[in-house]
Amino acid sequence: MGSLLAAVVFLFHFLVASSALPLCTDLRAPVRLNSSLAFCPYNGTVCCNPKEDLGLQKQFRNMNISDPACAALVKSILCATCDPFSAELFQAESQPRTVPLLCNSSDDYCSRVWNTCQNISIRSSPFAPSLQGSAGGLVNSSSASKLTDLWQSSKDFCAAFAREAVNGSVCFEGKPVAIDNNTQTPAAPSGLCLEKIGNGSYLDMAAHPDGTNRVFLSDQPGHIWLATVPDVGSGGTLTLTESDPFLDLTDEVHFDTEFGLMAIAFHPDFARNGRFFASFNCDKASSMSCSGRCSCNSDVGCDPSKLVADSGAEPCRYHSIVAEFTVNGTASTPSSASSANPTEVRRIFTMGLPFTGHHAGQILFGPDDGYLYFMMGDGGNRGDPYNFSQNKKSLLGKIMRLDVDNIPSAKQVTDLGLWGNYSIPRDNPYVEDKDLKPEIWSLGLRNPWRCSFDSVTPSYFFCADVGQEVYEEVNLISKGGNYGWRVYEGPSPYKTLQSPGGNTSSGSISPIFSIMGYTHSSLNTKEGSASITGGYMYRGSADPCMSGRYLYADLYGGAIWAGAETPENSGNFTSSRIPFRCAENSPISCGSTPGSPLPSLGYIFSFGQDNKKDVYILASTGVYRVVRPSRCNYTCSKETNASDGAQPSGGSATPSSATCLNDWRTKWTVFLPFLLLGFNLINLHSVS
């Protein structure tokens, strides 16, 4: 009974935590081959290369299976490691299996394997109980055995190796996994309803780790505030004291155009240790502590003196910094602290920048692994002329994954060529690809502007990447993934105008193309100006028709998209541009013109998410929150009640004449203080 209960608990946990996102057993994304494998019946997008395919063939021959029918089944089971969904089939995120999870529904594939192979000898059988963590006795893996030697019955065998494909999970039935493509693409939401709850202009937002309705907000000049978010529909606004920030880093931060305080991130154990991190830029001409190695160096085949000739600017005058801080020591517990110690605990990362653009700078802690992910752009200049993004020895154009809990020794720093006080996670991709710098998690990005993990399915790591001339994209990030820049811009080959850093051929990489995006020509902006701002997979409760959709926008504020995975759990997404309005009873009036419900967003710098998973837009004109559709007269069949506590508008969302007058007064009194800031922030997404 106890073992049965444990099995039920395990199965429940697995079904809740699993997803059918295409991933290989090493947690890398599948790659596309130009031809079929010689041994395993897979082609197109697969998880095996020809060398691995040859290894499987050798393993199969060594099994010396005499019965053709059993041999065919075992071959297909071995080859399941090549399946694009092999990570889930083999439970790669837990204790990897030697045999994929076999289907025991449909034609009962598991029973077919038992009936066909139960009395057939298999050398080095992958079905040995000891190899599956079973309580059964140890089996000599090099000897020949029958299934009846290892398992008492078909029931016992299938209890260890099979499951039904339910709740989006997958199982193996002798052929490549297929997701039901008959699933219809769900209709796009009728619109996105917003309420304005703050007038400040912020660049980043982080939910307080204590789980309350508090958030941290930061701006580009270098302030971090602790704010209280009002309940949805309460009519309240953000509560913070602008003159009393949680932390003021303006003396350390270099603020100008694309420079400033880029992001903040709080340690997963913040409630106990009070640790948090800031990503910002500094200027070595005005700061003695701003010093580090230049990203243009001999290791990456770059001569800093040539950068001066190219741009006329001093190379690596400006640096990207990640620094650790802690809350003020006077607080009895970290979560109750209302301020932080302005003195750095330690400098985690320092790198000189070759040009003045495209250095991204967002930092996030992985929800499952607790490591720090650091997003870095290609360093700037049109077309990444030095090809930094594809250079495996450069950290530009990469997503890094760092261990900030273990301080490296001086020898480790020297041996691995680290850029600061961090260690390297043991499962970073460099373990399999010795050409990679050990910090690198993914490569081939231009300027990743705002990434996020899905709170329900953490393996879904979304990252928006700003385009050059043609295309803005959203990528689904995976271990070791190469996202193509500058060989490709979006789905199309990119032709660079200059290439002093050399070229990378399209045939030498296996690019992972974007899952969503839009062309510059699709926007009605001056000269086709466009710059993507990444958002979140919506998991809030206010808008049920937006649930499970990824929200993203264009910087210039005129377009927002919602992307849905179709079919569900396939890794394939379709997105639709959706209209948006502002609720008539918004706590702060936000119409763009008198009598218009369209919000005056200005520039959309970032999205935010609180502990309730409500989603926010951080714009140059203020802070906006997604609320239930009926408040803007949008139709949502899934909306059953006024869940956010506010009353529906009832009629057209047309404000009164008094409201219009106040709207204009509010608009100008609010917008003018941020006008200059807006001109600086817009350059964060530079396409030059």
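Small disclaimer: the values here were computed from a predicted structure and weren't measured.

**A word on the confidence of the model for the protein chain**
Right, so step 1: Looking at the protein chain as a whole, its pLDDT mean stands at 86, while 85% of the residues score no less than 70.
Right, so step 2: Note that residues 647-679 has pLDDT below 50 and, in this model, 51 contacts with residues that lie over four places away or in other chains.

**Structural notes on the pairing of strand 7 (residues 192-198)**
Right, so step 1: Within strand 7, seven of the seven residues are buried, which leaves the element mostly enclosed by the surrounding structure.
Right, so step 2: Here three bridges tie strand 7 to strand 30 (residues 580-582), and the two strands are oriented parallel to one another. In the sheet register, cysteine 193 faces strand 30, and the bridge partner there is arginine 581.
Right, so step 3: The pairing of strand 7 with strand 33 (residues 622-627) spans five bridges and is classified as antiparallel. Residue lysine 196 lies in a different strand from strand 33, and its bridge partner there is tyrosine 624.

**Some points on unusual backbone geometry**
Right, so step 1: Arginine 486 follows tryptophan 485 through a cis peptide bond whose omega is 10°.
Right, so step 2: Relative to the helices and strands, arginine 486 is located in the loop between strand 22 (471-476) and strand 23 (488-489).
Right, so step 3: One non-glycine residue, leucine 27, lies in positive phi territory at about 65°.
Right, so step 4: Locating leucine 27 in the fold gives a position in the loop between helix 1 (2-17) and strand 1 (31-32).

**Looking at the sheet that holds strand 22**
Right, so step 1: With antiparallel pairing, four strands are arranged side by side in an open sheet as 20-21-22-25. In this open sheet, the two edge strands, each paired with only one partner strand, are strand 20 (448-453) and strand 25 (516-519). Each neighbouring strand pair of the sheet contributes to a mean axis angle of 10°, computed without reference to strand direction.
Right, so step 2: As judged from the four bridges shared by strand 21 (residues 461-465) and strand 22, these two strands associate in the antiparallel manner. Across the sheet, the residue bridging to cysteine 463 is asparagine 475, located in strand 22.

**A word on the environment of leucine 101**
Right, so step 1: You can see leucine 101 is positioned in the loop between helix 4 (86-89) and strand 3 (102-103).
Right, so step 2: On a C-alpha basis, the gap between leucine 101 and alanine 160 in space is 8.6 Å, while along the polypeptide they are 59 residues apart.

**Some thoughts on the pattern of salt bridges**
Right, so step 1: With the rule as written, the count across this model stands at 23 salt bridges.
Right, so step 2: Glutamate 324 is the salt-bridge partner of arginine 275, the closest N and O atoms lying 2.8 Å from each other. With a gap of 49 residues between them, arginine 275 in strand 13 (residues 275-283) and glutamate 324 in strand 14 (residues 318-326) connect regions that are remote in the sequence.
Right, so step 3: Arginine 347 is paired through a salt bridge with glutamate 344; the nearest N and O atoms lie 2.8 Å apart.
Right, so step 4: Owing to a relative accessible area of 17%, arginine 347 belongs among the buried residues under this scheme.
Right, so step 5: Exposure remark for glutamate 344: the relative accessible area of 22% places this residue in the partly exposed category.
Right, so step 6: The network of salt bridges with common partners includes Asp26, Arg28, Glu432 and Lys479.

**Thoughts on helix 3 (residues 68-78)**
Residues that lie three or four places apart on an α-helix share one face, since the helix turns once every 3.6 residues.
Right, so step 1: Of the positions making up helix 3, those classed as buried are Cys70, Ala71, Leu73, Val74, Ser76, Ile77 and Leu78.
Right, so step 2: Check the buried side of helix 3 and you find it contacts helix 2 (50-63), strand 3, helix 5 (109-117) and strand 4 (122-123).
Right, so step 3: For helix 3, the N-terminal capping position is held by aspartate 67, with its side-chain oxygen 3.3 Å away from the main-chain nitrogen of alanine 69.

**Regarding the packing of aromatic side chains**
Right, so step 1: Counted according to the given criterion, the structure contains 37 aromatic pairs.
Right, so step 2: Between tyrosine 373 and phenylalanine 453, the ring centres sit 5.3 Å apart and the planes meet at 70°, which makes this aromatic pair edge-to-face. Note that tyrosine 373 is positioned in strand 17 (residues 372-376) and phenylalanine 453 in strand 20, a separation of 80 residues in sequence. The pair tyrosine 373 / phenylalanine 453 is uniform in exposure class, with both members buried.
Right, so step 3: Each residue in the set Tyr460, Phe462, Tyr518, Tyr550, Tyr552, Trp561 and Phe573 is aromatic and connected to the rest through ring pairs, giving one cluster.
Right, so step 4: In this structure, lysine 75 packs its charged tip against the face of phenylalanine 39, placed 4.6 Å from the ring centre.

**Comments concerning the side chain of glutamine 220**
Right, so step 1: Within the secondary structure, glutamine 220 is located in the loop between strand 9 (214-218) and strand 10 (223-228).
Right, so step 2: Looking at glutamine 220, the relative accessible area reads 1%, which means it is buried.
Right, so step 3: Here threonine 257 takes part through its backbone oxygen, which lies 2.8 Å from a polar atom of the side chain of glutamine 220.

What counts as what
Note that residues are indexed from 1 along each chain, following the sequence as it is written. Only residues with pLDDT of at least 70 are given local features in this predicted model, and only at 80 or more are side-chain atom pairs given and counted; all residues enter the totals for whole chains, interfaces and linings. Only hydrogens and water are set aside; all other atoms, that is, all heavy atoms of the structure, feed into the side-chain values. On a scale of 0 to 100, pLDDT captures the predictor's confidence in every residue. By definition, residues are in contact when any of their heavy atoms lie within 4.5 Å. Working definition: with a 1.4 Å probe on protein chains only, accessible area under 20% of the residue-type maximum means buried, over 50% means exposed, and in between means partly exposed. In DSSP terms, a helix is any run of H or I states spanning at least four residues, a strand is any run of E spanning at least two, and both are numbered starting from the N terminus. Any two strands with at least two DSSP bridges between them are considered paired. Structural elements are reduced to axes, namely lines fitted to C-alpha atoms, with helices fitted over the stretch in contact, and the angle between N-to-C directions of any two is expressed from 0 to 180 degrees. We count a salt bridge whenever a side-chain nitrogen from Lys or Arg sits within 4 Å of a carboxyl oxygen from Asp or Glu. Counting of polar contacts relies on pairs of N or O atoms within 3.5 Å, with two restrictions inside protein: one atom must be capable of donating a hydrogen and the other of accepting it, and residues adjacent in sequence are counted only when both atoms are side-chain atoms. In this analysis, rings of Phe, Tyr and Trp, with Trp reduced to its six-membered ring, are considered paired at centre separations within 6.5 Å, and the interplanar angle assigns stacked below 30 degrees, edge-to-face beyond 60, and tilted for intermediate values. The criterion for a charge sitting over a ring is simple: Lys NZ or Arg CZ within 6 Å of the ring centre, and within 35 degrees of the ring normal.

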